[in-house]
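Working through the structure, step by step
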Amino acid sequence: MAQHYWLVKQEPSDYAWSAFEKDGRAAWTGVRNYAARLHLRAMAVGDRVAYYHSNEGKEVVGVAQVVRTAYPDPTADEGDWSAVDLAPLHPLKASVPLTVIKADKVLKDMALVKQSRLSVMPVTPAQWERLMELGKVG
DNA sequence: GCCAACGTTGGC
DNA sequence: GCCAACGTTGGC
């Protein structure tokens, strides 16, 4: 089974990477968007997930992995929504700001740029490789 | 704080 | 089922 790559957005004032690292694991709940739900449901255990700080920072700061596949979101009062569990793997040695992503030949086509309101999105292997290169990982 | 983008809702 | 109005997100 091929590994897939994803990116999730989070406002640092809401749940920053540092808090995520401290917790060691988090239920990714509260997603109320059909496109994002589709992506959550496509996640497999072990998939890599880039962690992006929206609004404040506007940069990719770390790498997480999926530790539990989609299950009914316990925070949803009504409707058919999904959550997954994520665990932090490591921070990027150099965070990758949106300005750099927009200026990069490979990364400028990311959903992050094209669909600015989507909170969970796939990342192509080429984009992932470039992101890790810029993040000084590996 | 403003505003553009865009997803969702509701009237017809 | 279409489309205008509305609400939310998120960059600037």
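All of the points below concern the structure found in this document. Quick caveat, the model's predicted, so the values are computed rather than measured.

This part is about the protein's contact with DNA strand B. The environment of DNA strand B is made up of Asn33, Tyr34, Lys114 and Arg117. Taking the atoms of DNA strand B that fall within 4 Å of the protein, sugar and phosphate contribute 64% of them. At a separation of 3.5 Å, a phosphate oxygen of DNA strand B approaches a polar backbone atom of lysine 114. Grouping the amino acids of the surface near DNA strand B by side-chain chemistry returns 1 nonpolar, 1 polar and 2 charged.

A few words on the environment of aspartate 23. Here aspartate 23 is to be found in helix α2 (residues 17-23). Expressed as a C-alpha distance, the spacing of aspartate 23 and glycine 57, which sit 34 residues apart in the sequence, is 21 Å. Of note is the side chain of aspartate 23, whose polar atom sits 2.6 Å from the side chain of tyrosine 15.

Taken together, Lys9, Tyr52, Asn55, Lys58, Leu98, Lys102, Ser116 and Arg117 make up the full set of residues adjacent to DNA strand C. Atoms of DNA strand C within 4 Å of the protein belong to the sugar or the phosphate in 70% of instances, the rest to bases. Within the side chain of lysine 9, an N or O atom sits 3.1 Å from a phosphate oxygen of DNA strand C. For DNA strand C, a base nitrogen lies 2.9 Å from a polar atom in the side chain of arginine 117. Taken together, the residues of the surface near DNA strand C break down into 2 nonpolar, 2 polar and 4 charged.

This part is about unusual backbone geometry. Here asparagine 55, not a glycine, exhibits a phi torsion of approximately 65°, which is positive. For lysine 136, which is not a glycine, the phi torsion comes out positive at approximately 60°. With respect to the helices and strands, lysine 136 occurs in the segment after α6 (125-134).

The next subject is α6. Note that an α-helix has 3.6 residues per turn; residues three or four places apart therefore point the same way. Every buried residue of α6 is accounted for by Gln127, Trp128, Leu131 and Met132. Around the axis of α6, the buried residues are gathered within 130° of arc, so they sit on the same side. Along α6, the residues that are exposed and aim more than 90 degrees away from the buried face are Pro125, Glu129 and Glu133. If you follow the buried residues of α6, they end up packed against β1 (5-10), β3 (48-53), β4 (59-72), β5 (82-97) and β6 (120-123).

Considering all chains together, one arrives at 8 salt bridges under this definition. Residue arginine 41 pairs with aspartate 80 through a salt bridge whose shortest N-O separation is 3.1 Å. Separated by 39 residues along the polypeptide, arginine 41 in helix α3 (residues 34-42) and aspartate 80 in the loop between β4 and β5 bring together distant segments of the chain. For aspartate 109, the salt bridge goes to lysine 108, with nearest N and O atoms at 3.8 Å. Its relative accessible area of 38% is what places lysine 108 among the partly exposed residues. Beyond isolated ion pairs, a larger network of salt bridges with shared partners links Arg37, Arg41 and Asp80.

About the cut-offs
Along each chain, numbering runs from 1 in the same order as the chain's sequence is written. Numbering of ligands from 1 and lettering of chains from A proceed in the order in which they are written. Thresholds applied to this predicted model are a pLDDT of at least 70 for local features of residues and 80 or more for the giving and counting of side-chain atom pairs; totals over whole chains, interfaces and linings are not thresholded and use all residues. Side-chain numbers come from the whole structure's heavy atoms, not from hydrogens or water. Any residue with a heavy atom lying within 4 Å of a molecule or strand is counted as near it. Pairs of N or O atoms are called polar contacts if they sit within 3.5 Å, as long as, within protein, a hydrogen donor faces a hydrogen acceptor (for residues adjacent in sequence, only side-chain-to-side-chain pairs). Amino acids outside the nonpolar list (Ala, Val, Leu, Ile, Met, Phe, Trp, Tyr, Cys, Pro) and the charged list (Asp, Glu, Lys, Arg) are all regarded as polar, and Gly is one of them. Helix numbers and strand numbers start at the N terminus; a helix is a DSSP run of H or I with at least 4 residues, a strand a run of E with at least 2. The buried label goes to any residue with under 20% of its type's maximum accessible area, the exposed label to any with over 50%, and the partly exposed label to all in between, with areas taken from a 1.4 Å probe on protein chains only. Each C-beta atom gives one direction from the helix axis, and the arc is the one those directions make. What makes two residues a contact is simply this: any of their non-hydrogen atoms within 4.5 Å. Salt bridge, as applied in this entry: a Lys or Arg side-chain nitrogen positioned within 4 Å of an Asp or Glu carboxyl oxygen.

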